[in-house]
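Overview (structure and organization)
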Amino acid sequence: MSKAIVSSLYDSDVFRMACRQFDQAADAINLPDAIRDRTKYPRRCLAVSLPVKRRDGSVTVFEGYRVQHNLSTGPSKGGIRFHQDVTLGEVAALAMWMSWKTSLVGLPYGGAKGGVIVNPNDLSESELEHLSRRYMQEMVGFVGPQTDVPAPDVGTNEKIMGWMMDTYSNHVGHLAPAVVTGKPISLGGSQGRREATGAGVAYLVVKYLADLKIPVKKATVVIQGFGNVGSETAVALDRYGAKIVGISDYTGGIWNPKGIDIKKALTYVRYQKTLRDFDGGEAISNEALLEQKCTVLIPAALERVITDQNAPKLKCRLLAEAANGPTTNAADKIIEARGDIEIIPDVLCNSGGVIVSYFEWLQNLSSFYWSRDEVLEKLFAMLDKAKDAVDAQKAKFKFSRRLAALTLGIQRVADAKQSRGLFP
Ligand code: NAD
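In what follows, the accompanying structure is described. Note that the structure is a prediction, hence the values are computed from the model and not measured.

Side-chain direction in a regular strand flips from residue to residue, so the side chains alternate between the two faces of the sheet. As paired strands, strand β7 (residues 243-249) and strand β8 (residues 252-255) are joined by four bridges and run antiparallel to one another. By the bridge assignment for β8, S248 is matched with G253. Here β7 folds back onto β8 in antiparallel fashion, the turn holding two residues. Sheet topology places β8 next to strand β9 (residues 282-284); three bridges connect them, and they run antiparallel.

Set out below in structure tokens:
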């Protein structure tokens with residue numbers, strides 16, 4: 001009989017949510033007590049203070065974190081988030097989900113996540129560079145190509161990954177491109193990485209629409225979040241022929257039942273930075289947008305936006321979780337009881353990002369680079385395999401699709417821990 005003696009270090013709504021998901025999955029596969037808590041709790045974390053000199057000569061100290069949830073199945077892998085609401089508990093939950101995701105899709109990785117409490121929009125370019133470099137400088141002994149490999153997440157991008165790679169390389173005394181993924185192509189980034197997460201989401205949406213016998217050209221789509229993942233999902237689904245009727249960012253939403261011109265929205269955001277006052281449709285609040293009638297609803301922003309309040313009011317047929325953790329445990333129960341909405345759970349739905357990050361890491365380690373077509377072909381093959389595995393597990397055990405995906409991911413991590421044993 002094992003018993004965890006844990007502090008409240010990670011305690012938060014989102015960490016409790018990830019733990020509840022774990023508990024349900026562990027119960028469903030009768031995970032032995034002796035392995036449960038070892039598999040559930042993060043392995044280790046680092047919290048750092050990051051002083052940055054501001055434009056006016058003052059110094060601001062930012063707080064940053066890195067949580068490595070699981071290192072038993074390979075180097076840990078996961079993005080770094082720059083957002084004003086980041087907490088250690090959120091980072092720990094995101095790290096836990098990365099463990100199940102890398103395991104589910106069969107990557108030789110564990111799970112990790114990083115975060116800094118900052119609104120990157122409040123920083124000048126040079127302040128952002130100093131913050132990013134300082135963060136990596138503090139992480140030099142904690143991350144590495146064979147230890148923990150960060151990537152972009154909310155509020156971070158290729159440019160930031162480039163600065164971090166340069167900082168790490170300067171510390172170790174040689175070019176070390178495999179220390180982070182999601183880099184610019186000129187620094188060893190992979191063809192197809194920028195669009196990988198969105199392309200993967202769109203690919204799976206099209207596959208599940210086919211299973212539901214809904215022609216993609218008849219599907220209407222609402223997407224919350226128009227950053228890397230949301231916008232690339234919109235571009236890909238637009239290309240497949242779906243009609244994007246709603247998009248949004250933190251400033252609010254745009255609704256247009258005739259279809260939004262995605263190219264125009266992208267150009268607008270490139271120059272204006274946000275969708276505020278975009279004239280491609282009517283303005284609508286983020287809350288109302290989620291409740292609009294559509295075939296596919298795609299949360300692609302932050303966690304816990306589908307709640308027990310709006311779950312009964314959703315009017316979609318497919319809920320594709322491009323964001324990590326968008327659906328609370330209570331909302332999940334409501335959707336399952338309704339029985340009229342299919343969910344593509346986050347650990348499957350957005351796994352295209354980490355799959356192509358893996359390809360980038362492989363290319364960096366071998367200094368042998370692939371074409372975009374090669375990257376996408378391998379990505380879609382891995383997504384097909386993961387989808388088939390999840391749907392087979394769902395059918396075999398009569399699980400929800402989320403439970404099917406989580407049990408597959410958790411079992412592999414638990415098996416590896418069991419086989420490795422306890423040291424010493
Ligand atoms: P991003 O920073 O590029 O974009 C985030 C978007 O969400 C922005 O448009 C922002 O305005 C919007 N947003 C923020 N708060 C909002 C709110 N309250 N309401 C509506 N919109 C809001 O981030 P991203 O990389 O696109 O990540 C989005 C989600 O996808 C996150 O959950 C992230 O963890 C997940 N994810 C990202 C990747 C990746 O490769 N970047 C991979 C897998 C999963």
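Let us keep going from here.
By secondary structure assignment, the location of D153 is in the loop between β5 (148-152) and α5 (158-172). A distance of 2.6 Å separates the side chain of D153 from the side chain of R81, its partner in a polar contact.

Before going further, it helps to spend a moment on the layout of surface pockets. The calculated volume of the second largest pocket comes to roughly 450 Å³. Every residue lining the second largest pocket is counted, 20 residues in all, and those nearest its centre are D332, E336, S400, R401 and R402. For the lining of the second largest pocket, the secondary-structure elements that each account for two or more residues are α1 (13-28), α10 (329-338), β12 (342-344) and α14 (401-420). No other element matches α10, which puts five residues into the lining of the second largest pocket. In the lining of the second largest pocket, the residues fall into seven nonpolar, five polar and eight charged.

Surveying the vicinity of the ligand reveals 23 residues, the closest of which are D153, T197, N228, V229 and N324. R81 is positioned such that a nitrogen or oxygen atom in its side chain is 3.0 Å from an oxygen atom of the ligand. With respect to the ligand, the backbone of A301 contributes an N or O atom lying 2.9 Å from an oxygen atom. Contact with the protein chains removes 84% of the 830 Å² of surface that the ligand exposes when unbound. Of the residues in the shell around the ligand, the class split is 10 nonpolar, nine polar and four charged. No fewer than three residues from each of domain 1 (41-176) and domain 2 (196-349) sit in the shell around the ligand.

Criteria and cut-off values
- Residues numbered from 1 in each chain as written.
- Predicted model: local features only at pLDDT ≥ 70, side-chain atom pairs only at ≥ 80, totals over all residues.
- Heavy atoms only, no water.
- Pairing = 2+ DSSP bridges.
- Helix = DSSP H or I, 4+ residues; strand = E, 2+ residues; numbered from the N terminus.
- Polar contact = N/O pair within 3.5 Å; in protein donor to acceptor, adjacent residues only side chain to side chain.
- 1 Å grid on protein atoms, 1.4 Å probe; cavity = no way out; pocket = protein on both sides within 12 Å on 5 of 7 lines; lining within 4 Å.
- Points joined across faces, edges and corners; volume = space filled by probe spheres on them.
- Nonpolar A, V, L, I, M, F, W, Y, C, P; charged D, E, K, R; others polar.
- Near = heavy atom within 4 Å.
- Areas by Shrake-Rupley, 256 points an atom, 1.4 Å probe, with all protein chains shown as cover.
- Domains from an automatic or database assignment.

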